[in-house]
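Secondary and tertiary structure notes
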Amino acid sequence: MQLIFEKSHAGRGCDLLPACDVPEVQLPEELKREQPLRLPQLSETEISRHYSVLAKRAHGVNDGFYPLGSCTMKYNPRIDEEMAVLPGFTNIHPLQPESTVQGCKQVLDTAKQYLCEATGMDDITFQPAAGAHGEFTGLLLIKSYHEARGDKKRNKIIIPDAAHGTNPASASMAGFTVVTILSSPDGCVDLDALRASVGEDTAGLMLTNPNTVGIFDSNILEITDIIHQAGGLNYYDGANFNAIMGVVRPGDMGFDVVHLNLHKTFATPHGGGGPGSGPVACKSILQPYLPGCAIQNGQEEKLQLKAFHGNFLVVVKALTYMLTLGAEGIRSACEGAVLNANYMMAKLKDLYPVPYGKTCMHEFVLSLEELKKETGVSALDVAKSLIDHGIHPPTMYFPLIVHEALMFEPTETESRETLDEAAEVMRELYQMAHEDGAQMHDAPHHGQIKRPDEVLAARQPVLRYRCEQA
Ligand SMILES: *Cc1c(COP(=O)(O)O)cnc(C)c1O
């Protein structure tokens, strides 16, 4: 398929801009482009067709089941999008007089109130643009807290080996040394290992609960207490908040700071590169270090992670979502997510071993290690074969503590029939692996693209379109 730049013809276009209603200003020479901006020039028909074709080639949650573990690819209600395109929200400017944007301030205040209630925290910042950005922000809060107390030796963050890869990456970017602790045989935090790893240099712990194998760590109060006793703070990775919302609160589990992924749990579609939102909520001890909106704080020198209030329209969607569901609905969405995951796991675990846990939370992890030994068919082969059945592959080879891992997160927005069908496909693939496994190495056979060369893609990635080639 041609790129839109390759379809471009000079002079063809459809730029119907409204008449200018403000005084024209001549830009100083040094601010002008040396070369005209290279935008594709196409008629409206061509543009419309181009994107329709692209949309048909992609697999979204509107096309079929999308059980991508840890990513919460659930259906996002239309009403949330409808609210976010209201002109009162879209046609505003962050520098316009505050008295003219009181409604928007109310959106932020109400969302703050609800999300603080849901997490058990005291205050929040909406600046971070995604989960990893939120982690980085939260870790800087922990850092500022220790520094403000003159406790400068606390430079270590403890992270379990099962953690999401962004956790150690964010800790290291925030200037901490990462201390990895191994999980216990049941996939949870090993309390002895944790006790042995804390000390006067402990800045804090980063944890997600349920963890990445989908298990709720029932020792959580003891875990967070060990860190507090050692003088550290507890960071909760709330990207998978779908698993606990309305049921348990990080604040009650002993956490001091948490980020949420509004673009996973709270109705913003994701996977296409944004915009997202990873607000960070914290207990009052961390409140003084929260990044500030420059406008609100006047003279104050505050940490800025992103301009103004971050991706405001994502907050509008999250608030709409919370208002439509209400407290009861939020709890029942969470319960549905956990029920669906357990239902699907129960339909598969006789064929595909589940290394950790008898029951799971919102997601479960299968190990295809035995299948691979018996048939040569890997987790990758099974994942790619799912594409031929109209199912998006689950998360693969993560968490690292499970070999040949496939991590399914069905979410609450899927029906029982969809789960039954997907489980049936997984059972058929198991059969096929034993009878005719060889052909699964080349799957997908009917996908939009065939099996890419993963090594080439990793070693020589083409990340940028080079205009001069066109
Ligand atoms: C998705 C996810 C993140 C990172 O969120 P981004 O918005 O992709 O940066 C962090 N932790 C966990 C557990 C996640 O699932």
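All of these numbers come straight from a predicted model, not from anything done at the bench. (Residues numbered from 1 in each chain as written. Predicted model: local features only at pLDDT ≥ 70, side-chain atom pairs only at ≥ 80, totals over all residues. Heavy atoms only, no water.)

Brief notes about the sheet that holds strand β3 (residues 177-181)
- Strands sit in the order β1-β7-β6-β5-β4-β2-β3 across an open sheet of seven strands; the sheet is mixed. Each edge of the open sheet carries a strand with a single partner, namely β1 (123-125) and β3. Direction aside, the axes of adjacent strands within the sheet are offset by 25 degrees on average.
- In this sheet, strand β7 (residues 280-282) lies alongside strand β6 (residues 257-260) in antiparallel orientation, the contact comprising three bridges. Among the inter-strand pairings, valine 257 is bridged to a residue of β7, identified as cysteine 282.
- Relative to the sheet, helix α4 (residues 102-119) contacts β1, β6 and β7, its axis offset from that of β1 by approximately 115 degrees. (Pairing = 2+ DSSP bridges. Helix = DSSP H or I, 4+ residues; strand = E, 2+ residues; numbered from the N terminus. Axes fitted to C-alpha atoms, helices over the stretch in contact; angles between N-to-C directions. Contact = heavy atoms within 4.5 Å.)

Focus on helix α11 (residues 312-348)
- Spanning 37 residues, α11 covers only 41 Å between terminal C-alpha atoms, well under the ideal 54 Å at 1.5 Å per step.
- At glycine 326, α11 shows its largest kink, close to 100 degrees. (Expected span 1.5 Å × (residues − 1). Bend = angle between axes of the 7 residues up to and from the residue.)

A look at the sheet that holds strand β10 (residues 405-408)
- Taking strand neighbours across the sheet as the criterion, the three strands line up as β8-β10-β9 in an open arrangement whose pairing is antiparallel. Every interior strand has two partners, whereas the edge strands, β8 (364-367) and β9 (395-396), have only one.
- As paired strands, β9 and β10 are joined by two bridges and run antiparallel to one another. Opposite methionine 396, over in β10, you have leucine 406 as the bridge partner.
- Together, β8 and β10 form the strand contacts of α11, whose direction differs from that of β8 by roughly 15 degrees.

These figures capture arrangement, not role.
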